[in-house]
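Coordinate inspection notes
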Amino acid sequence: MILVLNLKMNLSKDNIIDYENFIHDKKVIILPQYPYLLFFNHGSYSLGSQDVSKYDKGSYTGEVCAKGLKSLGVKYVLIGHSERKEYFNETLSDFRKKIQNTIDNDMIPIYCVNETKEQYHSDEDFKFLEDELEAIPPYTRYIIIAFEPSWLIGKDNINIDYEYIGKALIKIKSWLMERNINHSILYGGGVNSINVNKLKKIPCIDGFIISSSALDKEEFNKVYEDINN
């Protein structure tokens with residue numbers, strides 16, 4: 001299974017090397033902060049970025065282009081995380097450009113398809129999924145999709161609606177197959193050692209994005225073992 005570790009703005013220079021030593025023999029995709037990409041340059045894991053600019057080049061102070069990430073050994077790029085919408089007002093148009101830039105530079109996009117609590121309670125036909133998936137550029141050959149109920153992020157979820165998640169993933173898979181897009185499908189939202197065994201049994205799941213559980217070494221080891229057993 002694919003396991004993506006989104007470290008967000010956590011860890012600092014003082015403990016990043018220790019974390020890299022902890023993770024180096026594990027088959028995961030790790031997404032550190034931009035300044036720490038160079039600390040993660042060996043081991044069994046693959047390197048990913050938490051974001052990428054929607055511009056391929058130009059004078060955009062503070063942005064990091066896809067070509068620059070590629071030169072650092074980045075293989076995967078996270079795009080469309082709910083926090084990018086909530087805090088930075090990014091749109092589906094922005095995500096489409098980022099996906100295209102990622103593909104054009106021979107990296108693999110990990111595109112987050114978000115769901116709000118209101119959508120969970122009201123959108124029985126999963127119309128919001130179709131809207132989000134329209135950000136994928138035509139003729140995309142391969143993409144990783146992460147179904148991300150944003151209202152479950154950062155919570156220790158025991159009572160997850162597993163049947164509902166399964167229906168959502170089937171909807172995503174059908175949409176991609178109809179367009180002949182090769183893909184993998186991940187789930188992200190409060191994944192931990194309590195629920196991962198049930199989650200991994202849901203049809204269509206190819207892996208997970210985890211954040212909080214990735215920062216606790218003991219907890220992460222439990223999740224990692226459960227996923228690989």
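Before any of the text, the structure's been laid out above.
Because the structure is predicted, anything quoted here is derived from the model rather than measured.

Topic: the pattern of salt bridges
Applying the stated criterion across every chain yields a total of 13 salt bridges. The partner of E90 in a salt bridge is K98, and the shortest N-O contact between them spans 2.8 Å. Of the residues examined, K98 reaches a relative accessible area of 3% and is grouped as buried. Note that E163 and K167 form a salt bridge whose closest N and O atoms lie 3.8 Å from each other. In this pair, E163 and K167 are both assigned in helix α7 (residues 162-178), 4 residues apart and thus about one turn of the helix distant. Judged by its relative accessible area of 58%, E163 falls in the exposed class. In this structure K167 comes out as partly exposed when scored by relative accessible area, which is 46%. Linked by salt bridges that have partners in common, D51, R84, E90 and K98 make up one network.

Comments concerning unusual backbone geometry
The bulk of non-glycine residues show a negative phi, and the bulk of peptide bonds are trans. In the Ramachandran plot, F126 falls in the positive-phi region, its phi being about 55 degrees despite a non-glycine side chain. Classification of F126 as buried rests on a relative accessible area of 8%. The backbone phi angle of C204 is positive, close to 80 degrees, even though this residue is not glycine. Of note, C204 is situated in the loop between α8 (196-199) and β8 (207-210).

Describing the pairing of β8
Neither face of β8 is open: one carries G207 and I209, the other F208 and I210, and all of them are buried. Here strand β1 (residues 2-6) runs beside β8; their pairing, made up of 4 bridges, is parallel. Bridge pairing in β8 links V4 to I209. Pairing of strand β7 (residues 182-188) with β8 involves 3 bridges; the strand directions are parallel. Opposite Y187, over in β8, you have F208 as the bridge partner.

Focus: the nonpolar core
L5, I23, F40, Y111, F147 and F208 are the most contacted members of the largest nonpolar core, which totals 58 residues. The element that contributes the greatest number of residues to this core is α7, accounting for 8 residues. The contacts of L5, once residues within four sequence positions are left out, are Y19, I23, V28, I29, I30, L31, I210, A214 and F220. Core analysis: the next-biggest nonpolar cluster, separate from the first, contains 11 residues, L31, Y76, I110 and I144 among them.

Remarks on α7
Over its 17 residues, α7 runs 24 Å from end to end, which matches the ideal 24 Å to within 8%, given 1.5 Å per residue. Within α7, the full set of buried residues consists of Y162, Y164, I165, G166, A168, L169, I172, W175 and L176. Summarising the contacts, the buried residues of α7 are in contact with β5 (108-115), α5 (117-122), α6 (127-133), β6 (142-149), β7 and α8. Just downstream of α7 lies N180, where phi reads positive at about 55 degrees.

What counts, and where the lines are drawn
Residues numbered from 1 in each chain as written. Predicted model: local features only at pLDDT ≥ 70, side-chain atom pairs only at ≥ 80, totals over all residues. Heavy atoms only, no water. Salt bridge = Lys/Arg side-chain N within 4 Å of Asp/Glu carboxyl O. Buried < 20%, exposed > 50% of the residue type's maximum accessible area, 1.4 Å probe, protein only. Helix = DSSP H or I, 4+ residues; strand = E, 2+ residues; numbered from the N terminus. Pairing = 2+ DSSP bridges. Core = buried A, V, L, I, M, F, W, Y, C linked by side-chain atoms within 4.5 Å. Contact = heavy atoms within 4.5 Å. Expected span 1.5 Å × (residues − 1).

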